[in-house]
Amino acid sequence: MLFSYSIPRALSSLSVNWRASLNSMLIIAASLSVLGTGVLLYVNVIHFSRIWLSNTTVSLFLGGGIPAVHRDRIVTQVRDDPHVVRAWLVSPREGMEVLGAKLGSDHGLLAGVDIESLPYTVDFEVAAGDREHIHALAAKFIALDGVDEVVYGERALENVRLFFQIAQGVGMFFIALILLSSFMIVSNAIRLSLHTRQDEIGILAAVGATHGVIRSSFIIEGMLLSFAGYLLAIGIIWLGFQIIVAALSWNEATMIVKERAIFFSLDVLLVSMGASMLVGAVGSHVSVSGLLRRIEG
Amino acid sequence: MIEFLEVTKSYLGMRPILESVSLKIDKGEFFYLTGVSGAGKTTIFKLLMLLEHADSGQILVDDADVERFNAKRTALHRRRIGMIFQDYRLLPKLSIEENTALPLRVAGYRGKALRQKTEACLARVGMAERRKELVKSLSGGEQQLVAISRATVFDPPVILADEPTGNLDQNTAYTVMKSLREINQRGATVIVATHDLNLIRSFRARTLLIKERRIHEVRLVKPEREEMRA
């Protein structure tokens, strides 16, 4: 039945009723574009939160007058810790240079600072998966002989972690909400196109088509409409993404976003394509079943 | 054989349109169902096609109670009844051939079998040569001939024609009635619902009148006077 009627009929219906089909496809594409843009924003917020968390650097401020051998021993002890990805010694001069670069045009503020009075630091990074060990590492390294202070932006780290948790929860809630509304929009778009063809459903029932056969051609049609709407929506989102990312060159922060912003992965694209076709199929099924119930009394 | 046993039907809880109607139709019969508009002619067809359901009573087709049919059996039952509508009920954007082939396609026919059956039906109503034309470009009479070819595509044992000549001029109506007579002569039971007494007089046959929610058999004696018996 699929090849004798359902698929040929779905294809011929799409081409014969091309205006209604185009209209439905554009409605679907518009709703999926809104959904996709929201999801892409969410994915990038999570992505950048992860980057920030994984890039947390810890600084150990060493006491004054520590001999070079002792400083090297501390660096070795830090490097030997399995949670540390890399560790390096920063001299007062290097520290001033880094700070000057960060201050940019305000680097003149450092003019009166006596470099000799500044301490050496041992900076190190932990692996992304070992963020939870930062507190323990801080406690461990402060106990080392020669280490005066540990600085690692504890509050910022906690804030990011909290934001990350909230974003995940709220994001999931909104994605579920947008998915539901997108389902309603898609199934309503399909229902609109079906309403113009109520007579056809009545004729099919009268000539002896089973409910399965009647539904199948409309379900295939709904899936094809959703698929076309999905492709258009992804095209729109991709184009918008490229334009926005290309324009992000104002300062250092936006350059980071420009370089590291991500689009949907192939896996996500395939899964969302399947989901949108499923929405089309379910929307058609619900609409045709309702019409069939009315026609059959 | 088709039997209506004490069938009552009402719409939306209103006064019944048919009340305790009993009717027996033998195989190979040709007869008219007549009555004023809204008398219940189409309702009888819809009940038989299971497009409506009786409030009470039984409808038997070859001794099977059709009201008990499930969805699948209902579809098969409808393939054994060819229905012809006053408004043709064709798909205007499809061709003559596609409209005629529709019942076959939904039943799973493909390829040569589909083409042969479709062509044979179109040839019977004289439309085979024009099979590629779109239905919307046809006249009312031509559309009715396409509807007849679609209704006969399974060679069903029963044909229901609901006001088949209602929208047609006299000559075209004659062609359509001739086609229905031929179908009957090939062995099918043909029931024609009409309120056109001229048509009934032109093609004489058993006539049933629906009046005041019941069915009466009438015998046409003279054009001006019909005998009625309960």
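Predicted, not measured: the structure shown is a model, and the values here were computed from it.

Observations concerning the overall build of chain B
A count of helical and extended segments in chain B gives seven helices and 11 strands. Buried positions account for 53% of the 230 residues belonging to chain B. Long-range contacts, defined as pairs at least 24 residues apart, comprise 67% of the intrachain contacts of chain B with a sequence gap of at least 6. In the structure as shown, chain B presents an accessible area of about 11,000 Å², 47% of it carried by carbon and sulfur atoms.

What about the sheet that holds strand β1 (residues 57-62) of chain A?
All names here are of chain A. Overall, antiparallel pairing links the four strands, which are arranged β2-β3-β1-β4 in an open sheet. Edge positions in the sheet fall to β2 (84-90) and β4 (147-151), since each has one partner strand and no second. When strand polarity is set aside, the average angle formed by the axes of neighbouring strands in this sheet is 20°.

Looking at the interface of chain A and chain B
Interfaces are often described in size by the accessible area the parts lose on coming together. Contact with chain A, which involves 24 residues of that partner, is made by 25 residues of chain B. Roughly 2,000 Å² of surface becomes buried between chain A and chain B when both sides are summed, with 63% attributable to carbon and sulfur atoms. Sorting the residues of chain A by area buried against chain B places Ser4, Ile203 and Val207 of chain A first, and these three jointly supply 28% of that buried surface. On inspection of chain A and its partner chain B, the count reaches zero salt bridges.

With respect to the side chain of Ser13 of chain A
Residues and elements named next belong to chain A. Within the secondary structure, Ser13 is located in helix α1 (residues 2-16). Residue classification places Ser13 among the buried residues on the basis of a relative accessible area of 0%. In contact with Ser13, other than residues within four places in its own chain, are Ser21, Arg197 and Glu221.

A word on the packing of aromatic side chains
Counted by the stated rule, this structure contains six aromatic pairs over all chains. Arranged with centres 5.6 Å apart and planes meeting at 40°, the rings of Tyr174 of chain B and Phe203 of chain B form a pair that is tilted. Remark: Phe203 of chain B occurs in the loop between α7 (197-202) and β9 (206-211) and Tyr174 of chain B occurs in helix α6 (residues 170-185); sequence separation between them is 29 residues. Of the aromatic side chains, those joined through ring pairs into one cluster are Phe241, Phe263 and Phe264 of chain A. We note Arg86 of chain A situated over the ring of Trp88 of chain A; from NZ or CZ to the ring centre the distance is 4.3 Å. One Lys or Arg, Arg181 of chain B, reaches over the ring of Phe30 of chain B and ends 4.2 Å from the middle of that ring.

Details of the sheet that holds strand β4 (residues 56-61) of chain B
Residues and elements named next belong to chain B. Reading across from one edge, β2-β1-β4-β5 is the order of the four strands in this open sheet, with antiparallel pairing throughout. Of all strands in the sheet, those bounded by a partner on one side alone are β2 (18-25) and β5 (64-65). Running at roughly 115° to strand β1 (residues 2-9), helix α1 (residues 41-49) makes contact with β1, β2 and β4 of the sheet.

So, helix α4 (residues 111-124) of chain B
All names here are of chain B. Here α4 contains 14 residues, and its C-alpha end-to-end distance of 20 Å stays within 8% of the 20 Å for a straight helix at 1.5 Å per residue. Along α4, the positions that sit buried rather than exposed are Leu114, Thr118, Cys121 and Leu122. In an axial view of α4, the angular spread of the buried residues amounts to 100°, which keeps them on one side of the axis. Buried residues belonging to α4 abut α3 (96-106) and α5 (140-151). Just downstream of α4, Gly126 is the residue with a positive phi angle, here 75°.

Describing unusual backbone geometry
All names here are of chain B. One non-glycine residue, Glu6, lies in positive phi territory at about 50°. Along the polypeptide, Glu6 turns up in strand β1. Residue class for Glu6 comes out partly exposed when judged on its relative accessible area of 48%. Here Glu163, not a glycine, exhibits a phi torsion of approximately 45°, which is positive. You can see Glu163 is positioned in the loop between β7 (158-162) and α6. What makes Glu163 buried here is its relative accessible area of 9%.

A short note on the environment of Gly65 of chain A
Mapped onto the elements of the fold, Gly65 of chain A is located in the loop between β1 and α3 (68-80). Exposure remark for Gly65 of chain A: the relative accessible area of 80% places this residue in the exposed category.

Digging into the environment of Thr34 of chain B
All names here are of chain B. Counting through the fold element by element, Thr34 comes out in strand β3 (residues 30-34). Looking at Thr34, the relative accessible area reads 6%, which means it is buried. When the C-alpha atoms of Thr34 and Ile215 are compared, they prove to be 9.4 Å apart, with 181 residues separating the residues in sequence. Filtering out sequence-adjacent residues up to four positions away, Thr34 remains in contact with Lys41, Thr194, His195, Ile200, Thr207, Leu208, Leu209 and Ile210. Among the polar contacts listed, one links the side chain of Thr34 to the backbone oxygen of Thr194, at a separation of 2.7 Å.

Here we look at the pattern of salt bridges
Residues and elements named next belong to chain B. This model, assessed by the stated rule, comprises 16 salt bridges over all chains. For Arg213, the salt bridge is made with Glu19, and the minimal N-O distance between the two is 3.0 Å. On the criterion of sequence distance, the pair formed by Arg213 in the loop between β9 and β10 (214-222) and Glu19 in strand β2 is long-range, its members being 194 residues apart. A relative accessible area of 22% means that Arg213 is categorised as partly exposed. Accessibility expressed as a relative area gives 28% for Glu19, which makes it partly exposed. Residues Arg130 and Glu142 are paired through a salt bridge, measuring 2.7 Å at the closest nitrogen-oxygen approach. One end of the pair, Arg130, is in the loop between α4 and α5; the other, Glu142, is in helix α5, and 12 residues separate them in sequence. Under the relative-accessibility criterion, Arg130 is labelled partly exposed at 26%.

Details of a nonpolar patch on the surface
A contiguous nonpolar patch, built from Leu162, Ile166, Val170, Phe173, Phe174 and Leu177 of chain A and spanning about 560 Å² of accessible area, is present on the exposed surface. By relative accessible area, Val170 of chain A is classed as partly exposed at 39%.

Re the pairing of β3 of chain B
Residues and elements named next belong to chain B. Counting buried positions along β3 yields five of five residues, so the element is predominantly enclosed. Looking at chain direction, β3 and strand β8 (residues 189-193) are connected through four bridges and run parallel. Opposite Tyr32, over in β8, you have Val192 as the bridge partner. Two strands pair when backbone bridges link them, and β3 and β9 are joined in this way by four bridges, in the parallel orientation.

Cut-offs and rules
- Residues numbered from 1 in each chain as written.
- Chains lettered and ligands numbered in written order.
- Predicted model: local features only at pLDDT ≥ 70, side-chain atom pairs only at ≥ 80, totals over all residues.
- Heavy atoms only, no water.
- Helix = DSSP H or I, 4+ residues; strand = E, 2+ residues; numbered from the N terminus.
- Buried < 20%, exposed > 50% of the residue type's maximum accessible area, 1.4 Å probe, protein only.
- Contact = heavy atoms within 4.5 Å.
- Areas by Shrake-Rupley, 256 points an atom, 1.4 Å probe, with all protein chains shown as cover.
- Pairing = 2+ DSSP bridges.
- Axes fitted to C-alpha atoms, helices over the stretch in contact; angles between N-to-C directions.
- Buried area = accessible area lost by both parts, 1.4 Å probe.
- Salt bridge = Lys/Arg side-chain N within 4 Å of Asp/Glu carboxyl O.
- Phe/Tyr/Trp six-rings, centres within 6.5 Å; stacked < 30°, edge-to-face > 60°.
- Lys NZ or Arg CZ within 6 Å of the ring centre and 35° of its normal.
- Expected span 1.5 Å × (residues − 1).
- Arc of directions from axis to C-beta.
- Polar contact = N/O pair within 3.5 Å; in protein donor to acceptor, adjacent residues only side chain to side chain.
- Patch = residues over 30% accessible without salt bridge, like charges linked within 9 Å, V, L, I, M, F, W, Y side chains within 5 Å.

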